[in-house]
Amino acid sequence: MTTMQAQATAKTENKGYTIADYKSKLKPIWCPGCGDYGVVNAIYRAFNELQLVPEKTAVISGIGCSSRIPGYVSTYGFNTVHGRAIPIASGVKISSPETTVVVAGGDGDGFAIGGGHMPHVSRRNIDMTYIVMDNQIYGLTKGQLSPTSESGLKTTTSQYGSIDTPLNIVGLALSYNVSFIARGFAGDINSLSKLIKEAITHKGFSVVHVVSPCVTYRGMEYFKQAKETCVPLPEGYDPTNKVEAFKVVEEQVKKYIGVIYRERRPTFGERLDEMQKMASGDKKVTLDNILDQYLAK
Ligand code: SF4
């Protein structure tokens, strides 16, 4: 089976799974009101609507509050090391193309120590989905500034307010040519699950940036503010127009929700299949006939 056929099979099988089939026996231990509850519920819904086969699905994370997600989902999963979820997930997808791979993590994990990985997975266009739960703080380690914390924010490590400019994750994804980019709000599970579903169905590397408030270190006021500033994309917005997408992500006050950008270009797996065909001609490449070539010498 080619990589493309394997991907198609993994995404279309219907086995009558219910949402309960995607929930593990572990109960989430996030603080009451944490945005990550909304995200994991949106993931259950999206997986169920796509009827993903649990044995052909893997959720890979780094370290942080949101990176607990693999433990709460009843698929293959790996809570890996800080900032390294993308390279590990890339290895899973390349070695097992029939597996649907979802990466989950936070702003600190993915855009500080792990910040060097997104440009490379994007230029390879590996067919997997990265869900970034952005709470603009390090929650697990008790509330320090993160790469997306806004200027002026007072935290345990910035008593007089942050003097840094925050990273714009969606702006970075656009600049890195990520082939599918969406933004959702953790408090709107319905639309978030649809975005996750679209991202998984997209052929290529997809990013879903989720505004996922940390109520413990940012307070309930932050949650209310996030709810007010997350608004739908303007009427008639065209997600294939990159210039318009840049205008939308540069908006300072509003956070537009929806599919911000999408394009179809060959995935890493598709290119690999082509290269294998070029290298082997009509001959089927197997481990045995590669070894035979060496033994014959
Ligand atoms: Fe969620 Fe913040 Fe609590 Fe972590 S510290 S579980 S991000 S509310």
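A. Geometry of the sheet that holds strand β8 (residues 255–262). Across the sheet, eight strands lie side by side as β2-β1-β3-β4-β6-β5-β8-β7; this open sheet has mixed pairing. Looking at strand neighbours, the two that pair on one side only are β2 (76–79) and β7 (230–232), the edges of this open sheet. Strand after strand, the sheet turns through a mean of 20° between neighbouring axes, direction not considered. Along the sheet, helix α2 (residues 36–50) makes contact with β1 (57–61), β3 (100–106), β4 (129–134) and β6 (206–211), crossing β4 at roughly 160°.

B. Looking closely at the domain arrangement of the chain. On domain assignment, one finds that the chain holds domain 1 (3–265) and domain 2 (266–297). If you average the C-alpha positions of domain 1 and of domain 2, the two centres end up 35 Å apart. Taken together, the 12 residues of domain 1 in the interface contact seven residues of domain 2. For the pair domain 1 and domain 2, the summed buried surface comes to about 810 Å²; carbon and sulfur atoms form 58% of the total. For the interface between domain 1 and domain 2, the tally reads one salt bridge. On inspection of domain 1 and its partner domain 2, the count reaches five residue pairs in polar contact (both at pLDDT 80 or more). Of all the secondary-structure elements, those providing two or more residues to the side of domain 1 that touches domain 2 are α1 (3–12) and α6 (118–124).

C. Structural detail: helix α9 (residues 215–229). Taking 1.5 Å of rise per residue, the 15 residues of α9 would be expected to cover 21 Å, yet its terminal C-alpha atoms sit only 16 Å apart, more than 12% below that figure. For α9, the principal kink sits at E221 and spans about 60°. Every buried residue of α9 is accounted for by V215, R218, Y222, F223 and A226. The inward-facing, buried residues of α9 abut β5 (180–185), β6 and β7.

D. Representation of the pairing of β8 in the model. Counting buried positions over the eight residues of β8 gives six, a clear majority of the element. Across four bridges, β5 lies against β8 in antiparallel orientation. Note on β8: the bridge partner recorded for F180 is R262. Note that β7 and β8 share three bridges and pair parallel.

Definitions and limits used
- Residues numbered from 1 in each chain as written.
- Predicted model: local features only at pLDDT ≥ 70, side-chain atom pairs only at ≥ 80, totals over all residues.
- Heavy atoms only, no water.
- Pairing = 2+ DSSP bridges.
- Helix = DSSP H or I, 4+ residues; strand = E, 2+ residues; numbered from the N terminus.
- Axes fitted to C-alpha atoms, helices over the stretch in contact; angles between N-to-C directions.
- Contact = heavy atoms within 4.5 Å.
- Domains from an automatic or database assignment.
- Buried area = accessible area lost by both parts, 1.4 Å probe.
- Salt bridge = Lys/Arg side-chain N within 4 Å of Asp/Glu carboxyl O.
- Polar contact = N/O pair within 3.5 Å; in protein donor to acceptor, adjacent residues only side chain to side chain.
- Expected span 1.5 Å × (residues − 1).
- Bend = angle between axes of the 7 residues up to and from the residue.
- Buried < 20%, exposed > 50% of the residue type's maximum accessible area, 1.4 Å probe, protein only.

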